[in-house]
Amino acid sequence: MARYGFIAKRVAGIVPLLLGVIFAVFALQHVTPGDPARLILGARASEEAVEELRSELRFDDPVVTQFVRYAGNVFQGDLGRSLRASKPVTSIIADRLPVTLWLLGAGVVLSLLISIPLGTLAAMRQAGWADHAIRGVSLLGLTLPPFWVGIMLLLFLALPTGWFPITGFGDTFSEHLRSITLPALTLAISLAPIQIRSLRSAMIEVVESDAVTTARSLGIKGWRLVSRHVIPNAVLPMITLLAVEVGYMLFGAVVVEATFSLPGLGSEMITAVAGRDFAVVQGITLVFAVMVVAIHLLADIALAFIDPRVEMA
Amino acid sequence: MVEGRMSKPLLIVEDLRVEINRHGSIVTPVDEVSFELQQGEILGLVGESGSGKTLTLKALMGLLPPGVVQVGGSISSRSGDVLQPLDPEKARGRIMAMIFQEPATALNPLRRVRDLIAEPFIVGHGVARNEARAKAVALMRAVGIPDPEQRSRAYPHQLSGGLRQRVMIAMALATESTLLLCDEPTTALDVTIQDQILGLLVELKRERDLTLVLVTHDLAVVSELCDRVAVMYAGRIVETGATADVFANPGHPYTAALLAAVPRFEPGGGDLTTIGGSPPDLRNVPSGCRFRTRCQYAFEECATAGHRLTHVADERQTACIHPAWIERGVAI
Amino acid sequence: MMTDGPSQAYESDAVSSRRPLPGILVAGTVIVGVFVLLALLAPFIAPFDAVEQDIPNKLAAPSAEHWLGTDEVGRDVFSRLIWATRVDLPIGFLAALFPMILGTFLGALAAYFGGWVDFVVTRIAEVVQAFPIYVFLIALIFALGPGVKSILITFTVVSWVLYARLIRGEILRIRTREYVQAAEALGYSHARILTRHLLPNAGRQTLVYFASDIVLALITLAALSYFGLGVQPPTPEWGAMVAAGQRFLRTQWWLSVTPGLVIAALGTGLSLISDGLDEWLKDA
Ligand SMILES: Nc1ncnc2c1ncn2[C@@H]1O[C@H](COP(=O)(O)OP(=O)(O)O)[C@@H](O)[C@H]1O
Ligand SMILES: [Mg+2]
């Protein structure tokens, strides 16, 4: 099948990119001013301890050797050990990843539930009051810092009603759901404005396109026109946008997790940064980077399946 | 070809006026356009690029692009024996359909050909989906698409320009409209394909008793296929009449110039833009007759001339006020 | 046959009469102007010092003396909001300005000289773009150490790419136009053509993007400070103020609410400028 060949090709295409990502993450410890071992152990550590760590982590080897070793370890699933938790980084990531995935999944779904109706409405009522209102709100939404939005939700929803836990993730499925609601809403509010704006302009472009004019000339109108001719063509740029947005989305997830003290990768990363836990910061950065690369890949593949014009050769 | 002359207007357009407002300055790309369309005829609409042909058709369809508005005029259509105002929203896909110039962009790229053609059956006539698809394949055969079963599963981008235009025609036919507005249906196609598509339109017109408006650049096509012709210049119709009469004895200097620019009707031979000068900038049109700045016969009165079409003979109208040209128009 | 050339009426390059400034551009400029004034005149406007503590008077409710109350060490919140304008506004501005300068320079270089210069710049841009920029932001700041200098370096390293792509694309598009070719034919120097003809045109979009990029930089700066990775205490900074107030959300909610509103107000002003510029300069 052309499709499987296409996917295989695309997957193979990202290998150099992944190597680049690993290199960038590896390079982090080399852009650090000063002695990385000293940095890891902090100013109060003794000279012997620093020396010991240097030789243990083999910081004195040539950079190329170090990189080859690092990349080799990464490919074998070894991301090093957390010095503070004295656990393998992979086990920390395995603990924290599900929370982040929950947050991202729920956040994206919620943001689409907000942006698709509003973006569509704004485009359909172009220059009407609904359009102006929606554009105004999304312009404002772009300027709200996500951590502050989260705090507002805590202040105005969680505290007065008591329905939502203020921190943490709970233990059962329904607790997860309740814990994730406000963080996901916060993430959605930070993602939706860009989506609304680009969906609106994509829709307007599609509405004015020749293909839609043709459909209208045949007497096709109303919901059928929107659902069969406008939305499918406007969704294509949306997929691309979601993929492009993903980097910002992950940053949003870090912010939101910190705001709500959700035990996900983002809050762990912040803790690790504060505690100068080098291996953890590197490991989480790597996971995030791989997620971005994977989402771009998925978007490409999705586009190829939805849009018959994409050459699958 | 006089078979259409039964004086039974199917559509009457009066004083159609379309405006575009760009940054506060208003231009009028279609200005007091009036014409009648007889049941069963082919009306040719000719004129240089930018003269307002497409916008005229789109106004009839109620499909003017955003920012372009119809500000005046009336369109009435005949149903049975009564003339009534035409509501384009209701008429689209029921009594009239349009065929566009660019088959490459006119078709929704995400849907299969059979679904595109089946849709008017489903929407306009309540046909069930499977039956509509079967009808779509039958129509594909009727418009001369080889291998219709297999091609019905193709997407538009997989077809050649000529086949896409045939699909477009099939979609228009699927509405079971009897009035087809064809906007340069062959301009975007290879020369060899152009004749086939035009032939198909004429054949379908005969078989299905259609009425056609055919916008074209090609005067040879007009003389061969159209019963009557309307000549447009800078947003106005300057002359109408039976094709043979108009071509034999143009009643407007612009028509004469158009004809003179074409070496006697060889298809594809000659370029209308070889008339001296170029069409006026719509933001800055001459007063009176808009053609007067390019017209070698212009005299003082042209600057104040109205642009009403005047009957110079039966079914023969010109906007020119120069006595010599009125004479020529009458001299048939 | 006639050929259907581009229609004259709406492809004209003729300079139309001066267009009025869009209302939103004026509104945005006024808002941002107020913030600039606040930053410049902070010593005269702010009733209290930004860092001087008054522990006995901590967490006071809003009053005639302290319009927005005091924070956990007794500093006047209203004054700190004003003083913080001197921190957030210039850093946000510079964090967008540096990448713009770098990106514009590299993009223009790549487009104008083509060849290997273009190849190298384009490849680097591709690699940087493929990376999850904002996550690297945190990691880079970690590596370089918290603080304003790290933030500015990091922003410059990660967000020049869009400017470079923008300017490069625009130049490649514009340089095929006749007037540039005419200028080249008249023997004008590269530099002169670049500054006289290309940049003013390509600059429009860049300006629009720059205005909205400041918003992004502001929010990111606030977020980093909220984490404790950005501006360090006791310097007043809006994001850090939100974080400090979060502990007292149940009792002194205004501590966290007001800095966010201030960020949103400045952000709205900048976004209005961006949208307004877009509208104003579009096919002018
Ligand atoms: N969507 C539009 N917006 C602005 N001006 C338009 C638009 N469509 C057409 N025009 C202008 O209206 C005039 C008539 O155009 P059109 O009807 O397409 O001419 P024709 O089909 O005879 O070539 C032209 O000057 C064209 O520039
Ligand atoms: Mg046209």
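Residues numbered from 1 in each chain as written. Chains lettered and ligands numbered in written order. Predicted model: local features only at pLDDT ≥ 70, side-chain atom pairs only at ≥ 80, totals over all residues. Heavy atoms only, no water.

**Examining the pairing of strand β9 (residues 228-233) of chain B**
Residue and element names in this part refer to chain B.
Piece 1. Burial analysis of β9 places six of its six residues in the buried class, the great majority of the element.
Piece 2. Side chains of β9 alternate between two faces, with R228, A230 and M232 and V229, V231 and Y233 buried alike.
Piece 3. The sheet contact formed by strand β3 (residues 42-46) and β9 spans four bridges and is parallel. Residue pairing for β9: V46 is matched across the bridge by V231.
Piece 4. Here β9 folds back onto strand β10 (residues 236-242) in antiparallel fashion, the turn holding two residues, of which A234 has a positive phi close to 45 degrees. (Buried < 20%, exposed > 50% of the residue type's maximum accessible area, 1.4 Å probe, protein only. Helix = DSSP H or I, 4+ residues; strand = E, 2+ residues; numbered from the N terminus. Pairing = 2+ DSSP bridges.)

**Quick look at the domain arrangement of chain B**
Residue and element names in this part refer to chain B.
Piece 1. Under the domain assignment used here, chain B contains domain 1 (11-95 + 177-328) and domain 2 (104-176).
Piece 2. Each of domain 1 and domain 2 has a C-alpha centre, and the two are 30 Å apart.
Piece 3. Residue-level contacts link 15 residues of domain 1 with twelve residues of domain 2.
Piece 4. Summing both sides of the interface, domain 1 and domain 2 together bury roughly 1,100 Å²; the carbon and sulfur share of this comes to 65%.
Piece 5. Considering only the surface of domain 1 that becomes buried against domain 2, S177, L200 and R208 emerge as the three largest contributors, covering 35% of it.
Piece 6. Taken together, domain 1 and domain 2 are joined by zero salt bridges.
Piece 7. Scanning the region where domain 1 abuts domain 2 turns up three residue pairs in polar contact (both at pLDDT 80 or more).
Piece 8. Tallying contributions element by element places helix α8 (residues 191-208) first for the side of domain 1 that touches domain 2, with seven residues.
Piece 9. Across the side of domain 1 that touches domain 2, the residue classes tally to nine nonpolar, four polar and two charged. (Domains from an automatic or database assignment. Contact = heavy atoms within 4.5 Å. Buried area = accessible area lost by both parts, 1.4 Å probe. Salt bridge = Lys/Arg side-chain N within 4 Å of Asp/Glu carboxyl O. Polar contact = N/O pair within 3.5 Å; in protein donor to acceptor, adjacent residues only side chain to side chain. Nonpolar A, V, L, I, M, F, W, Y, C, P; charged D, E, K, R; others polar.)

**A few points about the pattern of salt bridges**
Piece 1. Under the counting rule described, the total for this entry stands at 24 salt bridges over all chains.
Piece 2. R200(A) is paired through a salt bridge with D131(A); the nearest N and O atoms lie 2.8 Å apart. Taken together, the positions of R200(A) in helix α9 (residues 173-207) and D131(A) in helix α7 (residues 129-143) put the pair 69 residues apart, joining distant regions of the chain. The pair R200(A) / D131(A) is uniform in exposure class, with both members buried.
Piece 3. The shortest N-O distance in the salt bridge between R224(A) and E119(B) comes to 2.7 Å. With R224(A) in helix α11 (residues 222-260) and E119(B) in helix α4 (residues 113-125), this residue pair bridges two chains.
Piece 4. The network of salt bridges with shared partners includes R17(B), E19(B), D31(B), R236(B) and R290(B).

**Digging into the packing of aromatic side chains**
Piece 1. Scanning the model with the defined rule gives 19 aromatic pairs over all chains in all.
Piece 2. Where W253(C) meets W254(C), the ring centres are 5.6 Å apart and the plane angle is 75 degrees; that geometry is what we call edge-to-face.
Piece 3. A network of ring pairs unites the aromatic residues F23(A), F26(A), F67(A) and Y70(A) as a single cluster. (Phe/Tyr/Trp six-rings, centres within 6.5 Å; stacked < 30°, edge-to-face > 60°.)

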